[in-house]
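# Per-entry structural report
Chain by chain, the residues:
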Amino acid sequence: MPISRAEIATDSGAKLIDRLCKHWAHKLDVEKSEGQARVTFEAGTCLMYAKDGKLTVALEALDDESLDRLEEVVDSHLVRMAGKEDLDIVWEN
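Below you will find a few notes about this structure. (Residues numbered from 1 in each chain as written. Predicted model: local features only at pLDDT ≥ 70, side-chain atom pairs only at ≥ 80, totals over all residues. Heavy atoms only, no water.)

### A few points about the packing of aromatic side chains
Note the threshold: Centre distance within 6.5 Å is the pairing criterion for rings of Phe, Tyr and Trp, where only the six-membered ring of Trp is used; planes under 30 degrees apart are then read as stacked, over 60 as edge-to-face, and the remainder as tilted. The numbering of helices and of strands both runs from the N terminus, where a helix is a DSSP run of H or I of at least 4 residues and a strand a run of E of at least 2. Only protein chains enter the calculation, and the probe is 1.4 Å; a residue is then buried if its accessible area is under 20% of its type maximum, exposed if over 50%, and partly exposed in between.
Summed over all chains, the structure comprises one aromatic pair. Between W24 and F41 the ring centres are 5.1 Å apart and the planes differ by 80°, which places this aromatic pair in the edge-to-face class. Of this pair, W24 sits in helix α1 (residues 13-24) while F41 sits in strand β3 (residues 36-41), and the two are 17 residues apart along the sequence. We classify F41 as buried; its relative accessible area is 13%.

### Focus on the environment of P2
As a reminder of what qualifies: By definition in these notes, contact holds between two residues if any of their heavy atoms fall within 4.5 Å.
With respect to the helices and strands, the residue P2 is situated in the segment before β1 (3-9). With a relative accessible area of 19%, P2 lands in the buried category. Here the alpha-carbon distance between P2 and E92, two residues 90 residues apart in the chain, equals 11 Å. For P2, the contacting residues outside a window of four places in its chain are L59, E60, A61, L62, D63, D64 and L67.

### Here we look at the packing of α1 against helix α2 (residues 64-82)
The description of two packed helices rests on the angle between their axes and on the distance between the axes. The criterion, for reference: Helix axes are fitted to C-alpha atoms over the stretch in contact, other axes to C-alpha atoms as well, and angles between N-to-C directions run from 0 to 180 degrees. Left-handed describes a crossing whose near helix is turned anticlockwise from the far helix by less than a right angle; the clockwise case is right-handed.
At a closest axis distance of 10 Å, the pairing of α1 and α2 adopts a crossing angle of 115°. Relative to α2, the crossing made by α1 is right-handed. Of the residues in α2, those touching α1 at L16, R19, L20, H23 and W24 are V73, V74, H77, L78, R80, M81 and A82.

### Concerning the pattern of salt bridges
Two side chains with opposite charge may pair up if their charged atoms get near one another. To be explicit about the condition: Counted as salt bridges are all cases of a side-chain nitrogen of Lys or Arg within 4 Å of a carboxyl oxygen of Asp or Glu.
Evaluated as defined, the whole model comprises four salt bridges. The partner of K54 in a salt bridge is E7, with the nearest N and O atoms 3.6 Å apart. Taken together, the residues K54 in strand β5 (residues 54-61) and E7 in strand β1 connect sequence positions 47 residues apart. Overall, K54 belongs to the partly exposed group, its relative accessible area being 33%. A residue is classified by how much of its surface remains accessible, and E7, at 41% relative accessible area, is partly exposed. Through salt bridges with shared partners, a single ionic network connects R5, E7 and K54.

Below, the structure is given as structure tokens:
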């Protein structure tokens, strides 16, 4: 299973996790606790951790094509939920 990871500098990591979880909870399986979450998509899983001015996002997918699509989905949602804050998201696989 291919894996991808991004470490994003932000002081709003916990807030972004909260917003994403609320947004996705009506369609996806979401497990959330303080400063972290796990979201299960049809083609893979997204783990998020907020700590010390950083949001770490790890993706695991069924195949490379699904991983690329999951990166796009999570990336676009993070940017949208961040509002005016500019996020520098670089995926490493």
